[in-house]
Amino acid sequence: MSTQSKIEHSLNDLIEIARDGKDFYTEAAGKVENPELSGLFTRIAGVKSDIVTRLSATVAAAGGKPAEHGTMVGSMQQMYGRVRAMLGDTDYGYVAELEQSEDRLLHAFQDTLSDSDTPAAVRAEVQALLPSVRECHDVMRNRKHALKMAS
């Protein structure tokens, strides 16, 4: 596999998962009634959008075609989040599912970094974005635990 193909393949997986998160956060921001939580979701959707933009630029710079859609898993997770929010505490339902989305993205970033076949350009971009990914993950994990303790 050529370096271009490796870059495209590695980063497109991350682009798709980040896009799933962006879309899910955007939807959730419009569904929750808590304005602070809606603002948090909107902010994190912006972080995901930035990740998609940066990774897409790296794929394009390597001569590849950036992914334009999310994943089936992300769509299913979003649907499950809607159902869970309708049947119970809307805030907790969305936070719990969004936290799962954060777990998925963080693990994908870590897998990319731990793969010895990951090209240097991919590794550098993923390493640069990892603090933002970790921060979003930690915020949602902490929010989930706080909401669970409050109920």
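Residues numbered from 1 in each chain as written. Predicted model: local features only at pLDDT ≥ 70, side-chain atom pairs only at ≥ 80, totals over all residues. Heavy atoms only, no water.

### Observations concerning the packing of helix α2 (residues 35–61) against helix α4 (residues 90–114)
Spelled out, the test is: Here an axis means a line fitted to C-alpha atoms, over the contact stretch when the element is a helix, while the angle between two N-to-C directions is reported on a 0 to 180 degree scale. Numbering of helices and strands runs from the N terminus; a helix is a DSSP stretch of H or I covering at least four residues, while a strand is a stretch of E covering at least two. Roughly parallel means an angle under 35 degrees; roughly antiparallel means over 145; roughly perpendicular covers 65 to 115; every other angle is labelled oblique. For any helix crossing, the convention is left-handed if the near helix is rotated counterclockwise from the far helix by under a right angle, and right-handed if that rotation is clockwise. Here a residue-residue contact requires only that any non-hydrogen atoms of the pair lie within 4.5 Å. Each residue receives one of three labels: charged for Asp, Glu, Lys and Arg, nonpolar for Ala, Val, Leu, Ile, Met, Phe, Trp, Tyr, Cys and Pro, and polar for the others, Gly being one of them.
In contact at an axis separation of 13 Å, α2 and α4 are set at 20° when each is read in the N-to-C sense. As judged from the angle between their axes, α2 and α4 are roughly parallel. The handedness of the crossing between α2 and α4 is left-handed. From α2, L37, F41, I44, K48, I51 and L55 reach across to α4, where they touch D91, Y94, V95, L98, E102, L105 and F109. Taken together, the residues of the contact of α2 with α4 break down into ten nonpolar, no polar and three charged.

### So, the packing of aromatic side chains
The condition that has to hold: Working definition: rings of Phe, Tyr and Trp (its six-membered ring) pair if their centres are within 6.5 Å, and the pair is stacked with planes under 30 degrees apart, edge-to-face with planes over 60 apart, and tilted otherwise. Buried residues are those whose accessible area, probed at 1.4 Å on protein chains only, stays under 20% of the maximum for their type, while exposed residues exceed 50% and partly exposed ones sit between those limits.
In the structure shown here, the tally under the stated rule is two aromatic pairs. When the centroid spacing of 6.1 Å and the interplanar angle of 65° are considered together, the rings of F24 and Y94 count as edge-to-face. A residue pair is termed long-range when its members are at least 10 positions apart, and F24 in helix α1 (residues 3–31) and Y94 in helix α4 qualify at 70 residues. Residues F24 and Y94 agree in their burial class; the two are buried. Note on Y25 and F41: the rings are 5.8 Å apart at their centroids and 65° apart in plane angle, and the pair reads as edge-to-face. Taken together, the residues span a long stretch of sequence, with Y25 in helix α1 and F41 in helix α2 at a distance of 16 residues. The buried category is assigned to Y25, whose relative accessible area is 0%.

### Some thoughts on α4
The condition is simple: In a helix, the anticipated span is given by 1.5 Å times the number of residues less one.
The terminal C-alpha atoms of α4 lie 36 Å apart, and with 25 residues this matches the ideal 36 Å at 1.5 Å per residue to within 8%. Across the 25 residues that make up α4, a large majority, 18, are buried.

### Concerning the side chain of N12
Our working rule: In protein, a polar contact requires one atom able to donate a hydrogen and another able to accept it; more generally it is a pair of N or O atoms within 3.5 Å, and residues adjacent in sequence count only if both atoms are side-chain atoms.
By secondary structure assignment, the location of N12 is in helix α1. Taking relative accessible area as the criterion, N12 reaches 11% and is therefore assigned buried. Here K65 takes part through its backbone oxygen, which lies 3.0 Å from a polar atom of the side chain of N12. Excluding residues within four positions of it along the chain, N12 makes contact with I7, V59, K65, P66 and A67.

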